[in-house]
Amino acid sequence: MSSGLGAERGADESRHGMWSGRWLFVMAAAGSAVGLGNIWKFPYMAGENGGGAFVVVYLLCVALVGVPIMMAEVLLGREGRLSPINTMRALTLTSRASSAWVLIGWMGVLAGFLILSYYAVIAGWALKYIVSLADGTFNGANGEFANRAFNDFLANPGEMILWQTVFMCLTVYIVAKGVTGGLEKAIRWFMPLLLVLLVVLLGYGINSGGFEQGVDFMFRFDWDALGVDGVLVAMGQAFFTLSLGMGAIMAYGAYVPSNVSITTSVVTIAVLDTVVAIVAGLAIFPIVFANGLEPDQGPGLMFVTLPLAFGQMPLGALFGALFFVLVSFAAITSAISLTEPALAFLVEEYNAKRSRVAISLGVICWVLGLGSVFSFNLLADVHVVGSMTFFDFVDYVSQNLMLPLGGLAIALFAGFVLPKANVRAQLGLKGGLPEFLWNTLVRFVSPLAVLTIFAYTIYKNIG
Ligand code: TRP
């Protein structure tokens, strides 16, 4: 693309490549954001925490906490143009700040490994369910059958490893090919397909006969079912769903051309992510209600309730399989962003070939993921801390401790440490209300919100 720009290539381009324009960045970051968090977690969390009331709080968290922190990540990434670790090294130098801030980068790399290790296992379940739905396993099935099918699968480590391996190989294959040849190529295909599939499934949900009940459930305000816990769950979910706190978006930010508006892009990404979560809910709940099932099935909603429901419906095998294709696409575009901070760092440090680094990282994550696989069968009774299995522990530490801590540090660094002039140039701020809003959100509102979730989760778990 930029063959004629050789002379201009300098500090303002990343050595790993650049997004080919604003939309590619928006789609890549939306691809990272839209994942299992939107399609698997959001609907069941809304289901368990009071439907509409949860949705309102979640929207507020996305707008007031998520958007400022995502802007901070993109702006730091673009300012440094390197992997998060090296970006933070460079920025602490220019800001004459303590090198302790570089821990943001290191912790992000570690969190990325941990999250990807179990993310690949769950995404593997989705791959497996494409096949199970397509081959008619669930046609006419009853609840007992659907439950048993899922439990039998969880009890079988060999099969789980098979699908985890398939997912990891796909991820490694894509990231090995680089920003333009790998990431962008996958994103150009997967994101439009994902949106088409989502609309098709929404249509299916609308025609299922339970649409009104589904809408009523998602948008009815049941403040009692929400409670303090629900508010905190909503905030944690807003964080996870936007891929914040571990440098994934910072790594992607390093590849954003300088003429792209960070604010507009980030708002678009947050809106896309939210729309997908809500539409996923509007596609899933009508199918649940139309079949007389309960919406608050927790994590089993996607792997037990939905296959059961699809098994009862006309063309259910086809649409059920399509549903799990959608979930798998969403998971892959998220997984590739989880590897980018570590991948870019190792390439920078050792001048290593990207494909080699990708394979090594894939192997490490795969091995780590075995711990999560076995948490559902062989090691189900081994408790790492309290009553947590290895899977629960990895999930808990990465999501509830590392991401909020990382997000907090990122907001504080962008809000207080990085020189004002750099921030204003990156965000195009010229004083007035926009600058006041930015400062208030990034310096006070989001750090305080994150500190609150953080303190509460720790308190709850110690208590
Ligand atoms: N946002 C993804 C989801 O909703 C998960 C994810 C991808 C993620 N990259 C991340 C979460 C980085 C935290 C940090 O499923």
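Report on the accompanying structure. (Residues numbered from 1 in each chain as written. Predicted model: local features only at pLDDT ≥ 70, side-chain atom pairs only at ≥ 80, totals over all residues. Heavy atoms only, no water.)

**Considerations on the packing of helix α9 (residues 211-219) against helix α12 (residues 262-290)**
Two elements in contact, α9 and α12, have axes separated by 7 Å at closest approach and are oriented at 130°. Considering their axes alone, α9 and α12 lie oblique with respect to each other. The chirality of how α9 crosses α12 is right-handed. On the side of α9, the interface is formed by Phe211, Gln213, Gly214, Val215, Phe217, Met218 and Phe219, while α12 contributes Ile278, Gly281, Leu282, Phe285, Pro286 and Phe289. Class assignment for the residues of the contact of α9 with α12 results in ten nonpolar, three polar and no charged. (Axes fitted to C-alpha atoms, helices over the stretch in contact; angles between N-to-C directions. Helix = DSSP H or I, 4+ residues; strand = E, 2+ residues; numbered from the N terminus. Parallel < 35°, antiparallel > 145°, perpendicular 65-115°, else oblique. Left-handed = near helix turned anticlockwise from the far one by under 90°. Contact = heavy atoms within 4.5 Å. Nonpolar A, V, L, I, M, F, W, Y, C, P; charged D, E, K, R; others polar.)

**As for the site of the ligand**
The environment of the ligand is made up of 16 residues, and the closest members are Ala33, Gly37, Tyr119, Phe240 and Ser243. Here an oxygen atom of the ligand sits 3.0 Å away from a polar atom, N or O, in the main chain of alanine 33. Within the contact set of the ligand, an oxygen atom lies 3.4 Å away from a side-chain nitrogen or oxygen of asparagine 38. Comparing atom positions with the cavity grids shows the ligand to sit within the largest cavity. For the shell around the ligand, the secondary-structure elements that each account for two or more residues are α1 (22-33), α2 (36-48), α10 (223-241) and α14 (316-350). (Near = heavy atom within 4 Å. Polar contact = N/O pair within 3.5 Å; in protein donor to acceptor, adjacent residues only side chain to side chain. 1 Å grid on protein atoms, 1.4 Å probe; cavity = no way out; pocket = protein on both sides within 12 Å on 5 of 7 lines; lining within 4 Å. Sits in = over half its atoms within 2 Å of the grid points.)

**Remarks on the nonpolar core**
If you look at the biggest cluster of nonpolar residues, it comprises 173 residues, and the most contacted ones within it are Trp19 and Phe323. Broken down by element, the residue count for this core peaks at 19 residues, all from helix α5 (residues 103-134). The contact partners of phenylalanine 323, leaving out residues within four places of it in the chain, are Ile39, Leu201, Ile284, Met302, Leu306 and Phe310. (Core = buried A, V, L, I, M, F, W, Y, C linked by side-chain atoms within 4.5 Å. Buried < 20%, exposed > 50% of the residue type's maximum accessible area, 1.4 Å probe, protein only.)

**Observations concerning α10**
End to end, α10 covers just 23 Å across 19 residues, shorter than the expected 27 Å (1.5 Å per residue, more than 12% under). Of the residues making up α10, those classed as buried are Leu226, Gly230, Leu232, Ala234, Met235, Gln237, Ala238, Phe239, Phe240 and Thr241. Downstream of α10 by one or two residues, serine 243 has phi in the positive range, about 60°. (Expected span 1.5 Å × (residues − 1).)

**A closer look at the pattern of salt bridges**
Under the counting rule described, the total for this entry stands at seven salt bridges. Between arginine 81 and aspartate 12 there is a salt bridge whose closest N-O contact spans 3.5 Å. Taken as a pair, arginine 81 in the loop between α3 (52-80) and α4 (84-94) and aspartate 12 in the segment before α1 lie far apart in primary sequence, 69 residues in all. Judged by relative accessible area, which is 41%, aspartate 12 ranks as partly exposed. (Salt bridge = Lys/Arg side-chain N within 4 Å of Asp/Glu carboxyl O.)

**Regarding the side chain of aspartate 273**
Relative to the helices and strands, aspartate 273 resides in helix α12. No salt bridge is formed by the buried aspartate 273. Its closest oppositely charged neighbour is lysine 41, at 12 Å. Excluding anything up to four places from it in sequence, aspartate 273 contacts Ala33, Val34, Asn38, Tyr58, Thr241 and Leu242. (Lys, Arg positive; Asp, Glu negative; His and termini not counted.)

**So, empty space enclosed by the protein**
This model, assessed by the stated rule, comprises four cavities of 30 Å³ or more. Volume-wise, the largest cavity comes out at about 150 Å³. Looking at the largest cavity, it is lined by 17 residues, and the ones nearest its centre are Ser32, Tyr119, Phe240, Ser243 and Leu338. Those elements giving two or more residues to the lining of the largest cavity turn out to be α1, α2, α5, α10 and α14. Residue composition of the lining of the largest cavity, by class: ten nonpolar, seven polar and no charged. (Points joined across faces, edges and corners; volume = space filled by probe spheres on them.)

**Thoughts on α2**
An ideal rise of 1.5 Å per residue puts 18 Å on 13 residues; α2 measures up with 17 Å between its terminal C-alpha atoms. When the local axis directions of α2 are compared, the greatest deviation, roughly 35°, occurs at phenylalanine 42, which is followed within four positions by the proline proline 43. The buried fraction of α2 is high, at twelve of 13 residues. Listed as buried for α2 are Leu36, Gly37, Asn38, Ile39, Trp40, Lys41, Phe42, Pro43, Tyr44, Met45, Ala46 and Gly47. Just past α2, the residue glycine 50 takes up positive phi, approximately 95°. (Bend = angle between axes of the 7 residues up to and from the residue.)

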